[in-house]
Amino acid sequence: MLTERTIRNAGAEPKTRILWDQEVKGLGVRITPKGTKAYVLDYRMNGRRHRVVLARTTEISLEEVRKRAGAERVRIRAGESDLLTRRREARAALTVNEGLERFFAEYVPARLAAGRMAPGTVDGYRRQAARHLRPALGRRRIADVTRHDIERMVAPLAATAPVQRNRVLAFTSRLFRLFEDWALRPQHTNPTRGIERAREEARDRVLTPSEMTALGAALARAEKDKPAAVAAIRLAALTGLRIGEVLAMRWEHLDTEHKAVVLPHTKTGRRVHGLPTAALELLNGLPRINGYVFTTGRDAAITYQTVHAAFAALTREAGLSDVRLHDLRRTVMTSAARAGVGTHVLRDLLGHKTTAMADRYIRHAGAAVHEAQEHIGAAIDAQLRGV
C-alpha cells in the first residue's frame with residue numbers, strides 16, 4: 001500500500017515506473033527517470049483504458065488524492081464525463097485573448113530560442129494582436145470563432161491597407177492552426193480558410209540622387225539631436241541592410257579586418273555581410289556605449305519605432321513624399337543593377353541566399369561582392385554629403 005513515506009523515498013530508475021495503491025483501484029504514483037512524481041488514475045470507459053494525471057505528489061496529500069480518485073471513479077460508474085473529457089472541454093472554452101497569451105508565453109519563446117522566429121516578427125505579431133485580434137475577437141471562445149468574424153475584423157483594412165490586411169490574415173491563420181494543434185478547436189476548422197487575400201502591388205519606390213542629397217542634408221542637421229537614429233539610417237542607406245538587421249547589430253558582430261559584419265539572425269539565417277569603406281568609417285566614429293551599436297545609453301538597441309519616427313520627420317523636412325525606410329534598401333539594389341552588377345553578385349550583396357551560402361560569403365564571393373559594395377557605398381555616401 002502506498003504511504004507518504006513510500007512515495008517520498010521512492011527513487012528514479014532508468015525507465016518510468018508506477019507504484020500502485022492497494023486502497024483505491026487504479027490509483028498510482030508515476031515516477032519518471034528524472035525523478036518527477038505524479039499521481040495517476042487508470043480507469044476504463046466505453047471499453048477503453050485511460051490514464052489521467054491527477055496532480056504532482058508535492059501538490060496534494062495522499063489522503064486527499066485518494067478521495068479525489070474515488071470520487072472520479074464514482075462519477076465514471078454513474079455515466080458522467082471523465083476528467084480527460086472535462087479537461088478537453090475546459091481547453092476548448094479558452095478565449096482568443098487566452099490563446100494569444102499562451103502563444104506569446106510558450107510558443108514564441110521556443111521559436112526564438114530555436115532561431116525559427118525573428119524578434120521583429122514577434123513585434124509585428126504583438127502589434128497585430130493589440131490593434132486587430134484582441135479588440136475584435138479577444139473575448140470570443142476560440143471554438144466559436146467563424147469565418148464571418150475574421151472577415152468582419154479585417155474589413156476596415158480592405159480599402160485603405162490591403163497589405164496590412166494580408167498580414168493580419170496570415171497571422172490569424174497561423175494562430176488558429178496552432179489552436180487546432182493544441183486541441184482548442186476541431187482539426188481542419190481554421191476560420192481564415194477561403195478568405196481571399198488582397199492583391200498586393202509591388203512597391204518600386206527608389207530615391208533619386210537629388211532626393212538622397214536632400215535626405216543627407218536633413219540627416220546632418222539632426223545628427224546632434226538623434227545621433228543613434230541618424231547613424232542607423234545612414235548605415236541602412238550605405239549597405240542595403242534591412243533596418244531590423246541594422247538595429248540588431250552588436251559590436252562583437254563587426255569584423256573590421258575583413259570589412260564585414262556577422263548577422264546571426266536574418267530572414268535567411270546567419271549571414272556575413274561585407275561593408276563598404278564609408279560604412280566602416282561611420283561605425284568607427286560611433287561611441288561604444290554598451291554592446292549594441294545603435295543605442296541611446298541603456299543596455300538595449302534603439303527601437304524600430306524610434307527610427308521610423310525619426311525617418312518620417314527627416315523625410316518631411318527634406319521635402320520627400322511617399323518614402324519608407326525599406327526604400328533605402330531598394331535604392332541600393334537599383335543602384336547596383338544600374339551599375340551593371342550581375343544577378344548572382346546582387347543576390348549576395350543584399351543577402352538573398354541560403355544559410356549555407358551565407359557562411360561562405362566572403363571566402364567564395366568576397367571579391368566581386370565587395371567591389372560592388374565599395375562602389376555603391378561610395379556613391380551613396382557622396383549623395384548623402386551632397387558632393
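Attention in this report is confined to the structure presented alongside it. The structure presented is a predicted model; accordingly, all values stated were derived computationally and were not measured.

Conventions adopted
- Along each chain, residue indices are assigned from 1 in the same order as the chain's sequence is written.
- Whole-chain, interface and lining totals are the exception, using all residues; otherwise, since this is a predicted model, local features are given only for residues with pLDDT of at least 70 and side-chain atom pairs are given and counted only at 80 or more.
- By convention in this description, side-chain values take in all heavy atoms of the structure and omit both hydrogens and water.
- Runs of E in the DSSP output that reach at least two residues are strands. Runs of H or I that reach at least four are helices, and both are numbered from the N terminus.
- Here, two residues are considered to be in contact whenever any of their heavy atoms come within 4.5 Å of each other.
- Expected helix span is computed as 1.5 Å times (number of residues minus one).
- Each pair of strands is called paired provided DSSP finds at least two bridges between the two strands.
- In this analysis, axes come from line fits to C-alpha atoms, helices being fitted only over the stretch in contact, and the angle between any two N-to-C directions falls in the range 0 to 180 degrees.
- What counts as a ring pair is set by centres within 6.5 Å for rings of Phe, Tyr and Trp (its six-membered ring), and what kind of pair is set by the plane angle: stacked under 30 degrees, edge-to-face over 60, tilted for all other angles.
- Partly exposed describes any residue whose relative accessible area lies between the buried limit of under 20% and the exposed limit of over 50%, with all areas from a 1.4 Å probe on protein chains only and scaled to the type maximum.
- Take the buried Ala, Val, Leu, Ile, Met, Phe, Trp, Tyr and Cys residues and link them wherever side-chain atoms come within 4.5 Å; each set so joined is a nonpolar core.
- Salt bridges, as used here, are contacts in which a Lys or Arg side-chain nitrogen is within 4 Å of a carboxyl oxygen on Asp or Glu.
- Here the word oblique covers every angle except those under 35 degrees (roughly parallel), over 145 (roughly antiparallel) and from 65 to 115 (roughly perpendicular).
- Nonpolar residues are Ala, Val, Leu, Ile, Met, Phe, Trp, Tyr, Cys and Pro. Charged residues are Asp, Glu, Lys and Arg, and all others, Gly as well, are polar.

### Considerations on the overall build of the chain
Line of reasoning, step 1. Per the secondary structure count, the chain includes 17 helices and seven strands.
Line of reasoning, step 2. Long-range pairs, those at least 24 residues apart, make up 57% of the contacts in the chain between residues at least 6 apart in sequence.

### Regarding helix H8 (residues 162–181)
Line of reasoning, step 1. Spanning 20 residues, H8 covers 29 Å between terminal C-alpha atoms, matching the ideal 28 Å at 1.5 Å per step.
Line of reasoning, step 2. Phi turns positive, to about 60 degrees, at Ala183, one or two residues after H8.

### Remarks on the sheet that holds strand S4 (residues 48–56)
Line of reasoning, step 1. If you walk across this open sheet you meet the four strands as S1-S2-S3-S4, and the pairing is antiparallel. The sheet is open, and its two edges are formed by strand S1 (17–20) and S4, each paired on a single side. The sheet shows a mean angle of 35 degrees between the axes of neighbouring strands, taken without regard to direction.
Line of reasoning, step 2. In the packing of helix H2 (residues 62–77) onto the sheet, contacts are made with strand S2 (27–31), strand S3 (37–45) and S4, and the angle to S3 comes to roughly 15 degrees.

### Some thoughts on the packing of aromatic side chains
Line of reasoning, step 1. The tally for this structure, following the rule as stated, stands at seven aromatic pairs.
Line of reasoning, step 2. Between Phe103 and Tyr107 the ring centres are 5.4 Å apart and the planes differ by 25 degrees, which places this aromatic pair in the stacked class. Residue Phe103 and its partner Tyr107 are located together in helix H4 (residues 96–113), separated by four residues, close to a single helical turn. The residues Phe103 and Tyr107 share a single accessibility class, namely buried.

### Let's talk about the nonpolar core
Line of reasoning, step 1. In this structure, Met249, Leu283, Phe294 and Leu328 are the most contacted members of the largest nonpolar core, which totals 49 residues.
Line of reasoning, step 2. For this core, the secondary-structure elements that each account for two or more residues are helix H9 (209–222), helix H10 (227–239), helix H11 (243–247), strand S6 (260–263), helix H12 (277–284), helix H13 (304–317), helix H14 (326–338) and helix H17 (361–385).
Line of reasoning, step 3. In terms of residues, this core owes the most to one element, H10, which gives 10 residues.
Line of reasoning, step 4. Each residue touching Leu283, except ones within four places of it in the same chain, is listed here: Leu235, Met249, Trp251, Leu254, Leu275, Val293 and Phe294.
Line of reasoning, step 5. Val96, Val108, Leu169 and Leu178 belong to the second largest nonpolar core, which has 28 residues in total.

### Focus: the pairing of S1
Line of reasoning, step 1. Looking at chain direction, S1 and S2 are connected through four bridges and run antiparallel. Along S2, the bridge assignment pairs Arg17 with Ile31.
Line of reasoning, step 2. In sequence, S1 turns back onto S2 through a hairpin of six residues, with Gly26 there showing a positive phi of about 90 degrees.

### Some details on the side chain of Thr57
Line of reasoning, step 1. Relative to the helices and strands, Thr57 is located in the loop between S4 and H2.
Line of reasoning, step 2. By relative accessible area, which is 17% here, Thr57 ends up buried.
Line of reasoning, step 3. The contacts of Thr57, once residues within four sequence positions are left out, are Ile7, Val29, Lys37, Ala38 and Tyr39.

### Things to note about the pairing of strand S7 (residues 271–274)
Line of reasoning, step 1. Every second residue of S7 is oriented toward a common face, with Arg271 and His273 on one face and Val272 and Gly274 on the other, all of them buried.
Line of reasoning, step 2. With four bridges joining them, S6 and S7 adopt antiparallel strand pairing. If you follow Ala260 over to S7, its bridge partner there is Gly274.

### Structural notes on the pattern of salt bridges
Line of reasoning, step 1. For the coordinates displayed, the defined rule picks out 21 salt bridges.
Line of reasoning, step 2. The shortest N-O distance in the salt bridge between Arg205 and Glu211 comes to 3.0 Å.
Line of reasoning, step 3. Across the pair Glu317 and Arg221 runs a salt bridge, and its minimum N-O distance is 2.6 Å. One end of the pair, Glu317, is in helix H13; the other, Arg221, is in helix H9, and 96 residues separate them in sequence.
Line of reasoning, step 4. Glu317 sits in the partly exposed class, given a relative accessible area of 45%.
Line of reasoning, step 5. A single salt-bridge network, built from bridges that share partners, covers Asp21, Glu23 and Arg66.

### Overview of the packing of helix H5 (residues 119–137) against H8
Line of reasoning, step 1. It is the contact of H5 with H8, at a shortest axis distance of 10 Å, that shows an interaxial angle of 100 degrees. Of the possible angle classes, the one that applies to H5 and H8 is roughly perpendicular. Along the contact surface, H5 presents Tyr125, Gln128, Ala129, His132 and Leu133, while H8 presents Gln164, Arg167, Val168, Phe171, Thr172, Arg174 and Leu175.
Line of reasoning, step 2. Its residues assigned to classes, the contact of H5 with H8 shows six nonpolar, four polar and two charged.

### Side note on the sheet that holds S6
Line of reasoning, step 1. Here three strands make up an open sheet; going across it, the order is S5-S6-S7 and the pairing antiparallel. If you trace the sheet from one side to the other, it starts and ends with strand S5 (254–255) and S7, each paired once.
Line of reasoning, step 2. Relative to S6, S5 runs antiparallel, the two being bridged by two bridges. Of the residues in S6, the one forming a bridge with Asp255 is Ala260.

### Examining the environment of Tyr107
Line of reasoning, step 1. Relative accessible area serves as the criterion here: at 17%, Tyr107 is assigned to the buried category.
Line of reasoning, step 2. Not counting residues within four places of it along the chain, the set of residues in contact with Tyr107 comprises Arg102, Met117, Arg174, Leu178 and Trp182.

### A look at the side chain of His253
Line of reasoning, step 1. Its place among the elements puts His253 in the loop between H11 and S5.
Line of reasoning, step 2. With sequence-adjacent residues up to four places away left out, His253 is seen in contact with Ala248, Ala260, Val261, Val262 and Pro264.

### So, H2
Line of reasoning, step 1. Over its 16 residues, H2 extends 23 Å from the first C-alpha to the last, a length consistent with the 22 Å expected when each residue adds 1.5 Å.
Line of reasoning, step 2. Count one or two residues on from H2 and you reach Gly79, which has phi positive near 85 degrees.

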